[in-house]
Amino acid sequence: MTTVNESAGMRLDKWLWAARFFKTRSLASQAVGGGKVHLNGARVKPSHAVRPGDELTVQRAHERYIVTVSGLDAQRRQAVEAQKLYTETAASRTARDALREDRRLQRQAEPVPQRRPDKRQRRQLREFRGRD
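In this text the structure is predicted, and so the values were computed from the model without any measurement. (Residues numbered from 1 in each chain as written. Predicted model: local features only at pLDDT ≥ 70, side-chain atom pairs only at ≥ 80, totals over all residues. Heavy atoms only, no water.)

A. Examining a positive patch on the surface more closely. On the surface, a cluster of positive charge is contributed by R116, K119, R122, R123 and R126. Relative to the helices and strands, R123 resides in helix α5 (residues 119–129). (Patch = residues over 30% accessible without salt bridge, like charges linked within 9 Å, V, L, I, M, F, W, Y side chains within 5 Å. Areas by Shrake-Rupley, 256 points an atom, 1.4 Å probe, with all protein chains shown as cover. Salt bridge = Lys/Arg side-chain N within 4 Å of Asp/Glu carboxyl O. Lys, Arg positive; Asp, Glu negative; His and termini not counted. Charge placed at Lys NZ, Arg CZ, Asp CG, Glu CD. Helix = DSSP H or I, 4+ residues; strand = E, 2+ residues; numbered from the N terminus.)

Okay, here's the thing in structure tokens:
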């Protein structure tokens, strides 16, 4: 592993990218700038330094991660190695699993149409939605 000087830390957006929370650094930077990532409970800029022991809250789509930084790496590596850069809290993991299960049950409860709408039904749907 190409480690970084842990006392100096590294950029938050670069760490999020290296830990594989986001596919690109620009996506990580947009998420931090948009308030989707909090460092130790505070909203910060993408260039803010992250150090081992810091607590991050990462909101990604429907999932919320609460992790503690355990290592720094300047390079993006395999997912197995990237997971060694942080430890997720047990409460975060159980909350994500419960949310995932709720979403799965909600999808099962939705009625599935027997067939596609015909021409008349499509016209009615367009009219109902306000699209002509």
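B. Layout of the nonpolar core. One finds W15, L16, F21, V37 and L56 to be the most contacted residues of the largest nonpolar core, which totals 24 residues. Those elements that provide at least two residues to this core are α1 (12–18), α2 (25–33), β2 (37–39), β5 (55–60) and β6 (63–69). The biggest single contributor to this core is α1, with four residues. Apart from the residues within four sequence positions on either side, F21 is in contact with W15, L16, V58, R60, Y65, V67 and Y86. (Core = buried A, V, L, I, M, F, W, Y, C linked by side-chain atoms within 4.5 Å. Buried < 20%, exposed > 50% of the residue type's maximum accessible area, 1.4 Å probe, protein only. Contact = heavy atoms within 4.5 Å.)

C. Here's a closer look at the sheet that holds β6. Read across the sheet, five strands follow the order β3-β2-β5-β6-β7 without closing on themselves; strand pairing throughout is antiparallel. Each of the sheet's edge strands pairs with one partner strand only, and the pair in question is β3 (42–43) and β7 (86–88). Strand contacts of helix α4 (residues 90–109): β6 and β7, with the helix running at about 165° to β6, the strand carrying the most contacts. (Pairing = 2+ DSSP bridges. Axes fitted to C-alpha atoms, helices over the stretch in contact; angles between N-to-C directions.)

D. Molecular detail of unusual backbone geometry. Even without a glycine there, the phi angle at N40 is positive, about 55°. The residue N40 is located in the loop between β2 and β3 in this model. Given a relative accessible area of 48%, N40 falls into the partly exposed group.

E. Molecular detail of the side chain of E88. The residue E88 is located in strand β7 in this model. Owing to a relative accessible area of 15%, E88 belongs among the buried residues under this scheme. Engagement of the side chain of E88 in a polar contact is seen with the side chain of S92, the distance being 2.8 Å. A polar contact of 2.9 Å, which involves the side chain of E88, links it to the side chain of R96. (Polar contact = N/O pair within 3.5 Å; in protein donor to acceptor, adjacent residues only side chain to side chain.)

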